[in-house]
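Structure assessment
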Amino acid sequence: MPSFPRYRPRRLRRTEALRALTRETSVGPEHLILPLFVQPGRGLRKPVPSMPGVAQTSVDEAVRDAEEALSVGVPAVILFGIPESKDERGSEAWHEDGIVQTAVRTLKTALPELLVVTDVCLCEYTSHGHCGIVRDEQVDNDATLEVLARVAASHGAAGADIVAPSDMMDGRVGAIRQRLDEEGRTHVAVMSYAAKFASAFYGPFRDAAGSAPQFGDRRGYQMDPANGDEALREVWLDIEEGADIVMVKPALPYLDIVRRVKEETGYPVAAYHVSGEYAAIMAAADRDWLDGARAMREALVSIRRAGADIIITYWARQFARTLSHSQ
Ligand code: PBG
């Protein structure tokens, strides 16, 4: 590599046109998925205090949000359900007329071109708030697989394009793939939360989804933040079981994992810029401690630079809106 003064990096930073010409990474609305929290009712929109700009809505309002996202180029939403009632086994999660199933059908009818992704998990539906079937205060892995397959199948039957298991049970991708195939839904893709870490950054989400565990924590099934090699094993396991897209979550504290997963697998990689990452930037921006929109753009481009193809972000609409205004 040449040295100074032959090489002057600043020569290509002189104007925005030069910077744009030599920019290595782009992030556009086409890379983004917008999370939506849906609940029963009509005309409801309840803001989530710890996530400014995010609300729990009824399905009719979710259609408006999705339509607006589509209109600025965001192709996909991921749905989280807030059910009317919870029980030990999370049975609202696979109900044919459950909140997510209803939302999927309504969204696909109103906006056929919208990609509808569903989060497949039990924590929003169980009275204890854990992501699976609990026996003796432990989540029973193998007993949970059958239930998750049922949930995913019900989402597929409602018309979901992609199902996204976020529970971190071992073997769930295989169980879900097999059930979808048996029911003739070979076209439904699986985006697995493959390397999902036991993170403090999920705090605001648990308010939004009402899914905090009532006892203990999730460290018995979600990953230890210290482990990178194990993340790769988790990812390979899910690919071997039939995952089409693999996800790393959270995003910014785990960009090294995003990069390794992309390089070592070559699979489509999604990164979830989670609720706490979003809330931290929004809270600082609210105090004028930083420029929120700039910080958010920087976060998103960094996640893409690390190797993510897809970013799940609560900022999707605002981001896409500012792009469409600047054109
Ligand atoms: C459900 C689930 C969680 C998130 C996505 N799916 C919460 C958790 O594991 O506690 C977190 C998303 C976010 O924080 O934005 N298991």
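Conventions adopted
Residues numbered from 1 in each chain as written. Predicted model: local features only at pLDDT ≥ 70, side-chain atom pairs only at ≥ 80, totals over all residues. Heavy atoms only, no water. Near = heavy atom within 4 Å. Polar contact = N/O pair within 3.5 Å; in protein donor to acceptor, adjacent residues only side chain to side chain. Helix = DSSP H or I, 4+ residues; strand = E, 2+ residues; numbered from the N terminus. Buried < 20%, exposed > 50% of the residue type's maximum accessible area, 1.4 Å probe, protein only. Contact = heavy atoms within 4.5 Å. Axes fitted to C-alpha atoms, helices over the stretch in contact; angles between N-to-C directions. Parallel < 35°, antiparallel > 145°, perpendicular 65-115°, else oblique. Left-handed = near helix turned anticlockwise from the far one by under 90°. Nonpolar A, V, L, I, M, F, W, Y, C, P; charged D, E, K, R; others polar. Expected span 1.5 Å × (residues − 1). Core = buried A, V, L, I, M, F, W, Y, C linked by side-chain atoms within 4.5 Å. Pairing = 2+ DSSP bridges.

Attention now moves to the site of the ligand. Taken together, 19 residues form the shell around the ligand, and within it Lys196, Arg206, Lys249, Ser275 and Tyr314 come nearest. Contact between the ligand and Asp119: a nitrogen atom at 3.4 Å from a side-chain N or O atom of the residue. Separating an oxygen atom of the ligand from a side-chain N or O atom of Gln222 is a distance of 2.9 Å.

Tracing the backbone through its elements, the reader meets Arg179 in helix α5 (residues 172-182). Overall, the relative accessible area of 19% leaves Arg179 in the buried class. At a separation of 2.7 Å, a polar atom in the side chain of Arg179 contacts the side chain of Glu146. Once residues lying within four places of it in the same chain are set aside, the contact partners of Arg179 are Glu146, Ala149, Arg150 and Ala153.

Turning our attention to the packing of helix α3 (residues 99-110) against helix α4 (residues 141-158). Two elements in contact, α3 and α4, have axes whose closest approach is 8 Å; the angle formed by their N-to-C orientations is 25°. When the interaxial angle is binned, α3 and α4 end up roughly parallel. In terms of crossing hand, the pair formed by α3 and α4 is right-handed. Facing α3, whose interface residues are Val100, Gln101, Val104 and Arg105, α4 presents Ser154, His155 and Ala158. Along the lines of polarity and charge, the residues of the contact of α3 with α4 split into 3 nonpolar, 3 polar and 1 charged.

The end-to-end C-alpha distance of α3 is 16 Å, a good match for the 16 Å that 12 residues give at a rise of 1.5 Å each. Listing the buried residues of α3 in full gives Ile99, Val100, Gln101, Ala103, Val104 and Leu107. Among the structural elements, β1 (32-39), α2 (59-71), β4 (76-81), β5 (115-120) and α4 are those in contact with the buried residues of α3.

Let us now look at the nonpolar core. Membership of the largest hydrophobic core comes to 109 residues, with the highest contact counts inside it found for Phe37, Leu107, Val163 and Met191. For Leu107, the residues in contact, after removing those within four places along its chain, are Ala62, Val63, Ala66, Val77, Leu79, Pro112, Leu114 and Val116.

Next up on the list: the side chain of Ser211. Turning to its location among the elements, Ser211 is positioned in the loop between α6 (203-209) and α7 (229-241). Not counting the four nearest positions on each side in its chain, Ser211 is found in contact with Cys123, Glu124, Gly129, Phe205, Arg206 and Arg218.

All right, on to the pairing of strand β12 (residues 310-313) then. Burial along β12 is two-sided: the face carrying Ile310 and Ile312 and the face carrying Ile311 and Thr313 are both buried. Bridge count for β1 against β12 is 2 bridges, and the pairing is parallel. Within the sheet, the bridge partner assigned to Leu32 lies in β12 and is Ile311. As defined by bridge partners, strand β11 (residues 269-273) adjoins β12 across 4 bridges and the pair is classed as parallel. Note on β12: the bridge partner recorded for Tyr272 is Ile312.

For β1, the tally of buried residues reaches 8 of 8 residues, placing the bulk of the element in the interior. By the alternation rule, side chains of β1 split into Leu32, Leu34, Leu36 and Val38 and Ile33, Pro35, Phe37 and Gln39, which are all buried. The pairing of β1 with β4 spans 6 bridges and is classified as parallel. Looking across to β4, one finds that Leu36 is bridged to Leu79. Bridge count for β1 against strand β3 (residues 55-58) is 3 bridges, and the pairing is parallel. Residue Gln39 lies in a different strand from β3, and its bridge partner there is Ser58.

A word on the environment of Ala62. Relative to the helices and strands, Ala62 is located in helix α2. Sequence-wise, Ala62 and Arg260 are 198 residues apart; in three dimensions their C-alpha atoms are separated by 35 Å. Filtering out sequence-adjacent residues up to four positions away, Ala62 remains in contact with Leu36, Val38, Thr57 and Leu107.

Looking now at the environment of Arg6. The residue Arg6 is located in the segment before α1 (16-21) in this model. Arg6 sits 161 residues away from Asp167 along the chain, and the two C-alpha atoms are 54 Å apart.

Moving on to the packing of α7 against helix α8 (residues 255-265). Two elements in contact, α7 and α8, have axes separated by 10 Å at closest approach and are oriented at 45°. When the interaxial angle is binned, α7 and α8 end up oblique. Judged by the twist between their axes, the crossing of α7 over α8 is right-handed. Counting all contacts with α7, which are made through Asp229, Ala231, Leu232, Val235, Trp236 and Ile239, the residues of α8 involved are Ile257, Arg260, Val261, Glu264 and Thr265. Residues of the contact of α7 with α8, tallied by class, amount to 7 nonpolar, 1 polar and 3 charged.

That's the geometry; what it means functionally is another story.
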